[in-house]
Amino acid sequence: MSATIDDATQASFARHPLGLTLNGQTRQLEVLPWTTLLDLLREHLDLIGTKKGCDHGQCGACTVLLNGKRVNACLTLAVMCDGADLTTIEGLAEGEQLHPMQQAFVKHDAFQCGYCTPGQICSAVGLANEGRASTTADIKELMSGNLCRCGAYSNIRDAIEEALPACRANAGQGGGQ
Amino acid sequence: MNTFTQPMGQPLDRVDGHLKVTGQARYAGEFPEQGLLHGSVVSSNIARGRVLSIDASAALALPGVVAVIDHTSRPPIASYDKNYEDADSAEGSPFRPLYNDQIQYSGQPLVLVVADNLELARHAGSLVRIEYESEAHQTDLLAMQSQAHPAPAELPKPRGNFQAELAGAALSLDLHYSTAIEHHNPMEPHASTVLYQPDGTLHIHDKTQGPQNCQSYVQKVFGLEKEQVRIFAAFVGGAFGSGLRPQYQLPLAVMAALKLKRSVRVTLTRQQMFTFGYRPRTLQRLQLGAAANGRLLAVGHTAIGQTSRFEDFTEHVVEWSGMLYQCDNVQLTYKLVPLDVFTPLDMRAPGAALGLIGLECAMDELACALAIDPVQLRLINYAERNQNEDKPYSSKELRACYEQGAERFGWNQRNPEPRSMRHDRQLVGWGMAGGVWEAMQKKASAKASLDHSGKLTVSSATTDIGTGTYTVMTQIAAQASGVSVQDVTFVLGDSSLPTAPLQGGSFTVSSVGTAVQQACAALKEKLLAVARQTHPAFAAVTSEQAVFEGGQLCSGDLRVSLAELARSSGEATLEVQVDAEPDKKREAYATATHSAVFVEVLVDEDLGTVKVNRVVSAIAAGRVVNPKMARSQILGGVVWGIGMALHEETQTDHALGRHMNHSLAEYHIPVNADIGDIDVLFVEERDEIVNALGSKGVGEIGIVGVAAAVANAIYHATGKRVRDFPITLDKLL
């Protein structure tokens, strides 16, 4: 086994420019090609609100809004986000004024440990942006990519049902369509 | 005069809710520091044997890889078992990470690769080549059950004449059940961030249910002084028992920090979350003998659980069968089979969640065999005393749980005949079960401190694993001190705070809550003494005359703000610390929480899919401090019970001795679409014995009995008794 690094490997370490709008602010960054959006947020920008629960796209804890659509940040390479409008949990509230979805989560106790919560909330805002969920059964189905080990599912549903109308009224929240 | 709402009993929103919904709550692996190093764990892929060699040259050649630590290069660690024991240890010889070349289970950590960034550490870990010498292993409980030895547990002695009564009973049943390995899988993977301080001391953010437990462990394993180790756990992303013992990422991160004199973080992967403790697989045998009128004449419960070869993990699996029903002839047996696996670990309602599956399914089978309604059968055998301990209960409103739960559910509409209820192509089944959990109290300490602006800070070294500790302690402190809720801050998750027990077993409200209450009571005495000295009008006011409410001390028409008393005291803050312990009067009583769970399932006749459509969970747990948070605990417990009944199973490839489905895609936990309506009700239960709060704790009781109720409902829907859990669709076709 060779323990030396060849030129091609060395070249792949080159950093790539990345320009995006992050929580409403324009950012110019440089990233390594293999860095996921999740690791960029957590390790390089200290935006730890986006959580790593599995790193395999299986739990939804890393859900963020990429151009208004919910995506798993762990399955998204940072370099793919050039020019994107990205909203994370840190970008939902307006100062101290919580987003309607955040308020509803607090009111309905839609979380316990809080670790899946940012992903649940971003996913729920993404759900509102999609405009698809019209029944409780829809919410259950369309929120099933976000695991909650504490088992707060019924409270999560109640929170989303309450906040959906307000979220739709602000269509475009979290990056817009 | 204002009327003040009593803080206890209010459905207060979580005081840490804002931090959690805005992403500002920081968990163990989320504390940054300039130059922080990242550790990646390389795990054994054989189940038994030894390491012959470890070749890390390719990893070390990568720029940015700082160290590769294995058993030959780690810093010195302790040689004696007692140094590795912790507050939740099992009997035996605790696991020692990177101790020597011996491999005791598949997934055992063998190497820690340390690099200056996360991706590099992980990649470098993949380059480490390990040569093994394998030995034959055994990981199959079923195959090894004949090797079982008695568990080192203090079981209740057999009572009456079990064998004779069983043989002579009008009806007797001999039933076998089995349950699967389950892993806790909190959403936050285990992580430790060791911040190496300039003076060489360690500040460690750890995922734990006991900061002081981890402090003591690190101190003993590495031969450090207590002052050299401080553990923080302000937020814990779920634990369910997985944080009761220090997990291996903690000593590994400490090894790297001590060796390199740098700050280091080690976070386990989701796959590695399957490489330490878990709920053990069990085989259970229930032997019930009953008279034709339903009276239980004999109860026998045998459980065989798996354990590791280095520790005998025990939990209370069979005890419940000697206490939930009145029966004079009882025989309880509990055995263990050591395997080449890691030691099991307490997991939500440890023991009870397992044992009540056997007991409550068997009671349902008995009810069917006798043609007696399952609720009625339980009422016929209602236990007024705990016969295991031969003591009365401090309170027990289980009868109210049965009655109110049945009424809320509409149980009297049930047709007892299996397969008699149907909705289109779905078979409808209604089943129920009871539940029980101990109401324990441990020693705990708390400090109350009032500042010159009337703000009260109360602290104890407990944690909030999502249970609502921050919030309920705030409420207890507000009620006990007369300071408004918004002026109270509860501080936890720091080993330097007053002593607290592990957060587990549903005893945090009982233990820490009592300490908080007593600290606030002592603070009031101190405030009154200040008032008597500094405010002449209060000179003759007695404790009985003093009323503390709304941040004021009142007596008749006299009133003074607590802030002013704090300022008058001449001290920077008025401070008291108390050590609380269980009241002696508890000793004459048995103390327990109870539940009755009613479940409706829909079973697709063609596909065998099971849907838990609705659940009513009726709980008797004494006084509820915060109904919103207590309800959430029960909801979570019910979801766990549904997972136990239908979804959760860690599958082992016994040829490799390795867990196969070690991911959240293949280890199934309930998702939102799996969960139907859950209706939680708390029955009124007054208890002046259990503690001064009258509150018993609700973290465990919600899960107990749920899996049995689901199984019983499935039988009612389909006419099939599945006794091997989880009940997956293949078992119903």
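Residues numbered from 1 in each chain as written. Chains lettered and ligands numbered in written order. Predicted model: local features only at pLDDT ≥ 70, side-chain atom pairs only at ≥ 80, totals over all residues. Heavy atoms only, no water.

An unreviewed UniProt entry lists chain B under the name Xanthine dehydrogenase family protein molybdopterin-binding subunit, from Pseudomonas violetae.

Labelled according to an unreviewed UniProt entry, chain A appears under the name (2Fe-2S)-binding protein, originating from Pseudomonas violetae.

Undergrad: Is there a simple way to think about the overall build of chain B in this case?
TA: Helix and strand counts for chain B come out as 15 helices and 33 strands. Against the globule reference of 27 Å for 733 residues, chain B gives a C-alpha radius of gyration of 27 Å, in line with a compact fold. Projected onto its principal axes, the C-alpha positions of chain B cover 80 × 75 × 50 Å. Across the 733 residues of chain B, 64% fall into the buried class. (Helix = DSSP H or I, 4+ residues; strand = E, 2+ residues; numbered from the N terminus. Rg over C-alpha atoms; globule rule 2.2 N^0.38 Å. Buried < 20%, exposed > 50% of the residue type's maximum accessible area, 1.4 Å probe, protein only.)

Undergrad: Would you mind going over the sheet that holds strand β25 (residues 547-549) of chain B with me for this structure?
TA: Hydrogen bonds along the backbone pair up the strands of a sheet, which may run parallel or antiparallel. Residue and element names in this part refer to chain B. If you walk across this open sheet you meet the 3 strands as β25-β26-β27, and the pairing is antiparallel. Single-partner strands in this sheet number two, and they are β25 and β27 (558-561). With strand direction ignored, the average angle separating the axes of adjacent strands in the sheet is 25°. Where strand β26 (residues 552-555) and β27 come together, 4 bridges link them in antiparallel fashion. Residue pairing in the sheet places leucine 553 in a bridge with valine 560 of β27. (Pairing = 2+ DSSP bridges. Axes fitted to C-alpha atoms, helices over the stretch in contact; angles between N-to-C directions.)

Undergrad: Please explain the domain arrangement of chain B as it appears in this structure.
TA: Where the parts come together, the accessible area they lose is often given as the size of the interface. Residues and elements named next belong to chain B. Each assigned domain of chain B is listed here: domain 1 (17-23 + 442-581), domain 2 (31-136 + 187-239 + 243-274) and domain 3 (282-440 + 587-732). Inter-centroid distance (C-alpha atoms) of domain 1 to domain 2 is 38 Å. Each partner contributes residues to the interface: domain 1 has 21 residues there, and domain 2 has 20 residues. Here domain 1 packs against domain 2, burying approximately 1400 Å² in sum over the two surfaces, 56% of which is carbon and sulfur. Looking only at domain 1, the three residues that lose the most surface to domain 2 are Ile465, Ser495 and Leu502, adding up to 42% of its buried area. Counting across the interface, domain 1 meets domain 2 through 1 salt bridge. Residue aspartate 494 is joined to arginine 230 by a salt bridge in which the shortest nitrogen-to-oxygen separation is 2.6 Å. Across the domain 1-domain 2 interface, the total number found is 9 residue pairs in polar contact (both at pLDDT 80 or more). A per-class count over the side of domain 1 that touches domain 2 returns 9 nonpolar, 9 polar and 3 charged. (Domains from an automatic or database assignment. Contact = heavy atoms within 4.5 Å. Buried area = accessible area lost by both parts, 1.4 Å probe. Salt bridge = Lys/Arg side-chain N within 4 Å of Asp/Glu carboxyl O. Polar contact = N/O pair within 3.5 Å; in protein donor to acceptor, adjacent residues only side chain to side chain. Nonpolar A, V, L, I, M, F, W, Y, C, P; charged D, E, K, R; others polar.)

Undergrad: Any chance you could explain the sheet that holds strand β7 (residues 129-134) of chain B here in plain terms?
TA: Residue and element names in this part refer to chain B. Spatial strand order, β5-β2-β7: 3 strands in an open sheet with antiparallel pairing. Each edge of the open sheet carries a strand with a single partner, namely β5 (102-103) and β7. Sheet analysis places strand β2 (residues 49-55) next to β5, joined by 2 bridges and oriented antiparallel. Following the sheet pairing, glycine 49 is matched in β5 by isoleucine 103.

Undergrad: Quick question: what am I supposed to make of the packing of aromatic side chains here?
TA: Aromatic ring pairs are reported here in terms of the distance separating the ring centres and the angle at which the planes meet. Residue and element names in this part refer to chain B. All chains considered together, the criterion is met by 17 aromatic pairs over all chains. Summarising the aromatic geometry, the rings of phenylalanine 95 and tyrosine 105 are spaced 5.7 Å apart at their centres and angled 75° between planes, so their arrangement reads as edge-to-face. A residue pair is termed long-range when its members are at least 10 positions apart, and phenylalanine 95 in the loop between β4 (91-92) and β5 and tyrosine 105 in the loop between β5 and β6 (109-115) qualify at 10 residues. On the accessibility criterion, phenylalanine 95 (9% relative accessible area) is buried. Measuring from centroid to centroid gives 4.9 Å for phenylalanine 409 and tryptophan 430, while their planes differ by 75°, and the two rings are edge-to-face. A residue pair is termed long-range when its members are at least 10 positions apart, and phenylalanine 409 in helix α10 (residues 398-409) and tryptophan 430 in strand β21 (residues 426-438) qualify at 21 residues. Each member of the pair phenylalanine 409 and tryptophan 430 is classed as buried. Directly above the ring of tryptophan 640 sits arginine 348, whose terminal nitrogen or CZ lies 5.7 Å from the centroid. (Phe/Tyr/Trp six-rings, centres within 6.5 Å; stacked < 30°, edge-to-face > 60°. Lys NZ or Arg CZ within 6 Å of the ring centre and 35° of its normal.)

Undergrad: Please clarify how the nonpolar core should be interpreted in this entry.
TA: Counting 202 residues, the largest nonpolar core has Phe105 and Ile160 of chain A together with Leu456, Val516, Leu553 and Val601 of chain B as its most contacted members. A total of 12 residues in this core trace back to one element, the largest contributor, which is helix α8 (residues 352-370) of chain B. Apart from residues lying up to four places away in sequence, valine 516 of chain B is in contact with Ala446, Val458, Met473, Ile476, Ala477 and Phe490 of chain B. Within the second largest apolar cluster, 49 residues are counted, among which are Ile69, Leu141, Tyr217 and Val337 of chain B. (Core = buried A, V, L, I, M, F, W, Y, C linked by side-chain atoms within 4.5 Å.)

Undergrad: In this structure, what is going on with the pairing of strand β28 (residues 574-580) of chain B? I would like to understand it.
TA: Regular strands place their side chains on alternate faces of the sheet. Residue and element names in this part refer to chain B. Side chains of β28 alternate between two faces, with Leu574, Val576, Val578 and Ala580 buried and Glu575, Gln577 and Asp579 left unburied. Pairing geometry for strand β22 (residues 444-450) and β28, over 7 bridges, is antiparallel. Note that in β28 the partner of lysine 447 across the bridge is glutamine 577.

Undergrad: Please clarify how the UniProt feature "domain: Aldehyde oxidase/xanthine dehydrogenase a/b hammerhead" (unreviewed entry) in chain B should be interpreted in this entry.
TA: Those places that UniProt annotates as "domain: Aldehyde oxidase/xanthine dehydrogenase a/b hammerhead" (unreviewed entry) correspond, in this numbering, to residues 22-136 of chain B. Helix makes up 11% of residues 22-136 of chain B and strand 31%. Its end C-alpha atoms lie 51 Å apart. (UniProt positions renumbered as here; feature names shortened; annotations may be inferred.)

Undergrad: Hey, could you run me through α10 of chain B in this one?
TA: An α-helical turn contains 3.6 residues, so a residue and the one three or four places further along point in the same direction. All names here are of chain B. For α10, with 12 residues, the first-to-last C-alpha span of 16 Å sits near the 16 Å given by 1.5 Å per residue. Every buried residue of α10 is listed here: Leu398, Ala400, Cys401, Tyr402, Gly405, Ala406 and Phe409. Tucked into the core, α10 has its buried residues touching α9 (374-380), β21, β29 (592-604), β30 (610-620) and β33 (675-682). Glycine 410 lies just past α10 and shows a positive phi near 85°. (Expected span 1.5 Å × (residues − 1).)

Undergrad: Help me understand the interface of chain A and chain B in this model?
TA: Residue-level contacts link 50 residues of chain A with 65 residues of chain B. A combined buried area of about 4600 Å² lies between chain A and chain B, and 55% of that area is made up of carbon and sulfur atoms. Per-residue buried area on chain A facing chain B is highest for Gln112, Arg149 and Tyr153 of chain A; these three make up 18% of the total on that side. Taken together, the connections running from chain A to chain B amount to 7 salt bridges. The set of elements that each furnish at least two residues to the side of chain A that touches chain B consists of α2 (37-44), α3 (100-107), α4 (117-130), α5 (136-142) and α6 (153-169) of chain A. Examining the composition of the side of chain A that touches chain B, we find that 5 residues originate from one element, α6 of chain A, more than from any other. For the side of chain A that touches chain B, the residue count by class is 22 nonpolar, 13 polar and 15 charged.

Undergrad: Can you help me understand empty space enclosed by the protein in this one?
TA: Here the idea is plain: a probe the size of a water molecule rolls over the atoms and shows the empty space left. Residue and element names in this part refer to chain B. Per the counting criterion, the structure on display carries 6 cavities of 30 Å³ or more. Looking at the largest cavity, its volume works out to about 160 Å³. Taken together, 14 residues line the largest cavity, and the ones lying closest to its centre are Phe95, Tyr217, Pro246, Gln247 and Phe342. Its residues assigned to classes, the lining of the largest cavity comprises 9 nonpolar, 2 polar and 3 charged. Summarising the domain contributions, the lining of the largest cavity has at least three residues from each of domain 2 (31-136 + 187-239 + 243-274) and domain 3 (282-440 + 587-732). (1 Å grid on protein atoms, 1.4 Å probe; cavity = no way out; pocket = protein on both sides within 12 Å on 5 of 7 lines; lining within 4 Å. Points joined across faces, edges and corners; volume = space filled by probe spheres on them.)

Undergrad: Looking at this structure, how should I read the pattern of salt bridges?
TA: If the charged atoms of two oppositely charged side chains come close together, the side chains can form a pair. Within the structure shown, the criterion is met by 44 salt bridges over all chains. Notably, a salt bridge pairs glutamate 600 of chain B with arginine 614 of chain B, separated by 3.3 Å at the nearest N-O pair. Remark: arginine 614 of chain B occurs in strand β30 and glutamate 600 of chain B occurs in strand β29; sequence separation between them is 14 residues. Look at glutamate 600 of chain B and you get buried, because its relative accessible area is 10%. A relative accessible area of 21% places arginine 614 of chain B in the partly exposed class. Where salt bridges share partners, they join Asp39, Lys52 and Asp55 of chain A together with Arg122 of chain B into one cluster.

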